[in-house]
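Commentary on secondary and tertiary structure
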Amino acid sequence: MDRLRQLLLEAHREYQDYVATGVMTPRVFALQFIDGHHYEDGNVADKNIHRKALGAVRILLMERTDLVEQFFSRPSLEAPDIDKVIFQVYTERHDDGKQNPETFRTTSVNRVREQKLSCAIRTEDMPLLTDCVNDAGFFLKKVTVREMNGLMYGTLTTPLVAVNLMGIAYFFDCLSAMNLVSRCWQTVLERSGSILLQGKNKPQTRSNFSSALNRAKSNGIFSYKNDIDILMKHIREKYAR
């Protein structure tokens, strides 16, 4: 069991680094974690112990996503939590479509939350964000304050087509750093389909947002970065009061 507990702690830590931040989907994370933990140095007995432990982790990550949502979304995984996870993986039946009502309700609530940016920007500041978005040419067309509200609060009826994706990614990353939108904004925007690929009727993916953000941060220079920085400085100072 010690090896299983160790793997669960590693899985929880990497989940916080990659899934909670929107870098990976839960499925991609599960596959990569399992592929990256197949073998270790040691004798045959040690390897067998490792394989059994990894098998239990595979069941957790691939089949018991309800437990992953319940426990891995927490900032820390304590010893009693680990014991609960292990017990439920080994003993609890999990028939598709036969979740108990409370588990179904909790999972449904979590999914609804995942679809929201959890925007904490005041209504009075939305015109400022709208002007910045339009001046920086984020989208194929200029957006109205109403559309900006829809984008930020998850009520947008017609998706927007991205033109300046680095600017969009940098914009949301800055807001996320100030806790004004969810840390998982990349996941939320993909699932909501609010922002589309140019020339295609498909939503921008998490990987697109992540790649654009990495380019923006590594280059340090892209269209209208200074304008975005000025807005974010104003927002930061105002909301810090």
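Notes on the structure follow. Everything numeric in this text was worked out from a predicted model, so none of it was measured.

With that out of the way, let us pick up the overall build of the protein. Looking only at helices and strands, the protein features 12 helices and two strands. Its helices and strands taken in sequence order, the protein reads α-α-α-α-α-α-α-α-β-α-α-β-α-α from the N to the C terminus. Looking at the protein as a whole, 43% of its 241 residues are labelled buried. Sequence-distant contacts, at least 24 apart, represent 65% of the contacts inside the protein between residues at least 6 apart. Counting every atom, the protein has about 13,700 Å² of accessible surface; 52% of that belongs to carbon and sulfur.

With that out of the way, let us pick up unusual backbone geometry. Glycine aside, residues mostly have negative phi, and peptide bonds are mostly found in the trans state. A positive phi angle is found at S118, which is not glycine, with a value near 55°. Checked against the element boundaries, S118 lands in the loop between α6 (101-114) and α7 (126-135). A positive phi angle, close to 60°, is found at N179, a residue other than glycine. Topologically, N179 is positioned in the loop between α9 (165-177) and α10 (185-192).

Bringing the pattern of salt bridges into the picture now. Evaluated as defined, the whole model comprises 10 salt bridges. Measuring nitrogen to oxygen at the nearest pair gives 2.4 Å for the salt bridge that ties E190 to R206. Of the two residues, E190 is situated in helix α10 and R206 in helix α11 (residues 206-219); the sequence distance between them amounts to 16 residues. An identical accessibility class is assigned to E190 and R206; each is buried. K233 is the salt-bridge partner of E237, the closest N and O atoms lying 2.6 Å from each other. Placement of both E237 and K233 in helix α12 (residues 225-239) is noted, with a separation of four residues, approximately one turn of the helix. Assessed through its relative accessible area of 42%, E237 is described here as partly exposed. Through salt bridges with shared partners, one network takes in E124, D125 and K238.

This part covers the environment of Q204. Within the secondary structure layout, Q204 lies in the loop between β2 (195-196) and α11. Classification of Q204 as buried rests on a relative accessible area of 4%. For the pair Q204 and T187, spaced 17 residues apart in sequence, the C-alpha separation works out to 9.9 Å. In this view, Q204 contacts A162, L165, E190, I195, L196, L197, Q198 and F209; residues no more than four positions away in its chain are not counted.

We now examine α10. α10 sits mainly inside the fold: six of its eight residues count as buried. What α10 keeps buried is the set W185, Q186, T187, V188, L189 and E190. Of the residues trailing α10, G193 is marked for its positive phi of about 65°.

Within the secondary structure, I49 sits in helix α3 (residues 44-63). Residues I49 and R3, 46 residues apart in the sequence, show an inter-C-alpha distance of 7.4 Å.

Parameters and conventions
- Along each chain, residue indices are assigned from 1 in the same order as the chain's sequence is written.
- With the structure being a predicted model, the display of local features is reserved for residues of pLDDT at least 70 and the display and counting of side-chain atom pairs for 80 or more, all residues being used for whole-chain, interface and lining totals.
- Values shown for side chains rest on all heavy atoms present in the structure; no hydrogens or waters enter the calculation.
- The numbering of helices and of strands both runs from the N terminus, where a helix is a DSSP run of H or I of at least 4 residues and a strand a run of E of at least 2.
- When accessible area is computed with a 1.4 Å probe and restricted to protein chains, residues below 20% of their type maximum are described as buried, those above 50% as exposed, and intermediate ones as partly exposed.
- For this analysis, residues touch if any pair of their heavy atoms sits within 4.5 Å.
- Surface accessibility in these figures is a Shrake-Rupley result with a 1.4 Å probe; residues are shielded only by whichever protein chains are displayed.
- Any carboxyl oxygen of Asp or Glu that lies within 4 Å of a side-chain nitrogen of Lys or Arg is treated as forming a salt bridge with it.

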